[in-house]
Amino acid sequence: MMKQTMEQSKQLIDQLEETHVLSKEAFISLINSRTPELSDYLFEKSRRIRQEHYGNDVYLRGLIEFTNYCKNDCLYCGIRRSNKNASRYRLTKEQILSCCDEGYSLGFRTFVLQGGEDSHYSDEMLLDLIREIKTCYPDCALTLSIGERSYASYKAFYEAGADRYLLRHETADPVHYSKLHPPSLTLETRKKCLMDLKNIGYQVGSGFMVGSPGQTSAQLAEDLLFLHELQPQMVGIGPFIAHHDTPFALEESGTAELTLFLLGLIRLMLPTALLPATTALGTIDPLGREKGILAGANVVMPNLSPREVRDKYLLYDNKICTGDEAAECRQCIDGRISSIGYQVVVDRGDSKLGGKKNV
Ligand code: SAM
């Protein structure tokens with residue numbers, strides 16, 4: 001494929017701003033012909049669009065990593081079942097509620113329960129937990145990020161009060177998906193889960209890793225087109241970062257530069273999306289989260305997990321914030337966000353796109 005001239009690339013960005021989608025070929029050529037000048041051109045637009053919908057506000061999500069047990073064996077992930085060196089933990093209901101309690105007093109109005117796929121937590125236990133959290137904090141949104149479950153479980157969680165669900169598609173290319181996951185996991189099932197979640201009424205978040213081993217620009221273009229088709233309320237993307245105890249230990253990590261470019265494109269494609277500046281982005285680049293906000297992101301997800309377990313939820317090497325207390329993370333984020341002219345707000349931070357439960 002011919003490389004685009006700068007003018008042609010800028011025209012494609014203008015077109016994306018207007019029509020919110022491009023052909024696969026156009027996405028590929030934009031990705032391949034990106035330069036610092038083109039990124040600046042893109043970020044000016046993505047920042048402006050974010051501003052139109054969300055002003056200078058940055059929403060907080062308090063992440064509670066409640067278990068690092070996982071029945072899955074994703075090749076990239078540090079808490080995969082086969083990693084015998086991982087030191088496993090589970091939080092009790094009381095510990096989780098105390099994270100929420102601390103989070104609430106620190107101004108969090110969304111709690112994200114994230115974990116490995118851990119069957120220790122039955123539907124009944126999770127339903128009880130969801131009801132308790134929503135009763136204690138009726139003004140807060142509750143997000144689940146606990147992987148693939150049945151339609152019936154998703155529906156029951158939603159009816160018990162869960163508002164949102166994060167489930168990244170990881171890659172929209174079935175062959176690439178099979179290189180990142182064991183045969184028991186398929187892209188088809190992942191997509192079905194996402195459709196189920198949407199149909200039930202959750203505000204849905206999907207997303208992918210940038211720079212996962214063997215990933216091509218064509219696959220990234222597929223990721224963008226899949227997101228356009230799904231129209232999720234949230235999109236989480238972050239660089240792949242190698243973990244020393246996985247089959248991908250020696251693989252090169254993704255870059256902040258490409259992650260930021262893709263964040264900018266996603267803001268143009270889904271103007272009202274909630275886009276986190278992820279922890280992985282802050283890990284690969286010390287100013288990654290600030291740069292993410294300046295590329296169009298509008299969410300940050302500080303850690304609310306108890307300090308004793310932080311370094312055990314090690315999805316990848318050198319993960320940041322593992323030694324901090326929740327209050328330190330909160331303060332640090334405040335400073336980082338205000339240093340670039342934005343403000344963290346005490347708000348549920350719902351998507352402007354809607355979802356049955358939006359308030
Ligand atoms: N089990 C749930 C699931 O699979 O959706 C939630 C936990 S899972 C560990 C959360 C996310 O971590 C995944 O969607 C994946 O994109 C990300 N992740 C895992 N390993 C990673 C790595 N080595 N580098 C970057 N991100 C990673």
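Note that this is a predicted model, so its numbers are computed, not measured.

Draft legend 1. Representation of the sheet that holds strand 4 (residues 141-145) within the structure. Within the open sheet, the 6 strands sit side by side as 2-3-4-5-6-7. Their pairing is parallel. Pairing within the sheet leaves two strands with one partner each, and these edge strands are strand 2 (62-67) and strand 7 (234-239). When the angles between neighbouring strand axes are averaged without regard to direction, this sheet yields 20 degrees. Two strands pair when backbone bridges link them, and strand 4 and strand 5 (residues 164-166) are joined in this way by 2 bridges, in the parallel orientation.

Draft legend 2. Main features of the layout of surface pockets. Each pocket or cavity is described by its volume, and for the largest pocket that value is around 170 Å³. Forming the walls of the largest pocket are 15 residues, and the residues nearest its centre are G211, Q215, T216, L220 and L258. Every element with two or more residues in the lining of the largest pocket is listed here: helix 2 (24-32) and helix 9 (217-230). Of the residues assigned to the lining of the largest pocket, the class counts are 4 nonpolar, 10 polar and 1 charged.

Draft legend 3. Looking closely at the environment of A326. By secondary structure assignment, the location of A326 is in helix 14 (residues 326-339). Overall, A326 belongs to the buried group, its relative accessible area being 3%. Each C-alpha atom, one on A326 and one on P276, is 18 Å from the other, the two residues being 50 residues apart in sequence.

Draft legend 4. Representation of the packing of helix 1 (residues 6-19) against helix 3 (residues 36-54) in the model. Where helix 1 meets helix 3, the closest approach of the two axes is 10 Å, and the angle between their N-to-C directions is 15 degrees. Comparing their axes, helix 3 and helix 1 come out roughly parallel. In terms of crossing hand, the pair formed by helix 1 and helix 3 is right-handed. Contacts from M6, S9, K10, I13, D14 and E17 of helix 1 reach helix 3 at E37, L38, Y41, L42, K45, R48 and I49. Broken down by class, the residue content of the contact of helix 1 with helix 3 amounts to 6 nonpolar, 1 polar and 6 charged.

Draft legend 5. Geometry of the site of the ligand. Taken together, 16 residues form the shell around the ligand, and within it Y76, G115, R168, E170 and I241 come nearest. One nitrogen or oxygen atom from the main chain of G115 is found 2.9 Å from a nitrogen atom belonging to the ligand. Within the backbone of I241, an N or O atom sits 2.7 Å from a nitrogen atom of the ligand. Compared with its free state, where it exposes 560 Å², the ligand has 92% of that area covered by protein.

Draft legend 6. The packing of aromatic side chains, seen in detail. According to the stated counting rule, one finds 8 aromatic pairs in the structure shown. An angle of 80 degrees between the planes, with centres 4.8 Å apart, marks the rings of F66 and Y121 as edge-to-face. One end of the pair, F66, is in strand 2; the other, Y121, is in the loop between strand 3 (110-115) and helix 5 (123-136), with 55 residues separating them in the sequence. F66 gets classed as buried once you look at its relative accessible area, which sits at 2%. Judged by centre distance (4.9 Å) and plane angle (70 degrees), the ring pair of Y154 and Y165 falls under edge-to-face. Of the two residues, Y154 sits in helix 6 (residues 151-160) while Y165 sits in strand 5, which places them 11 residues apart along the sequence. The burial state of Y154 is the same as that of Y165; both residues are buried. Feature note: the residues Y154, Y158, Y165 and Y202 constitute an aromatic cluster, connected by ring pairs. Cation over ring: R90 sits above Y69, and NZ or CZ is 3.8 Å from the ring centre. A cation over a ring is seen here: R109 above Y104, with NZ or CZ 3.6 Å from the ring centre.

Analysis parameters
- Residues numbered from 1 in each chain as written.
- Predicted model: local features only at pLDDT ≥ 70, side-chain atom pairs only at ≥ 80, totals over all residues.
- Heavy atoms only, no water.
- Pairing = 2+ DSSP bridges.
- Helix = DSSP H or I, 4+ residues; strand = E, 2+ residues; numbered from the N terminus.
- Axes fitted to C-alpha atoms, helices over the stretch in contact; angles between N-to-C directions.
- 1 Å grid on protein atoms, 1.4 Å probe; cavity = no way out; pocket = protein on both sides within 12 Å on 5 of 7 lines; lining within 4 Å.
- Points joined across faces, edges and corners; volume = space filled by probe spheres on them.
- Nonpolar A, V, L, I, M, F, W, Y, C, P; charged D, E, K, R; others polar.
- Buried < 20%, exposed > 50% of the residue type's maximum accessible area, 1.4 Å probe, protein only.
- Parallel < 35°, antiparallel > 145°, perpendicular 65-115°, else oblique.
- Left-handed = near helix turned anticlockwise from the far one by under 90°.
- Contact = heavy atoms within 4.5 Å.
- Near = heavy atom within 4 Å.
- Polar contact = N/O pair within 3.5 Å; in protein donor to acceptor, adjacent residues only side chain to side chain.
- Areas by Shrake-Rupley, 256 points an atom, 1.4 Å probe, with all protein chains shown as cover.
- Phe/Tyr/Trp six-rings, centres within 6.5 Å; stacked < 30°, edge-to-face > 60°.
- Lys NZ or Arg CZ within 6 Å of the ring centre and 35° of its normal.

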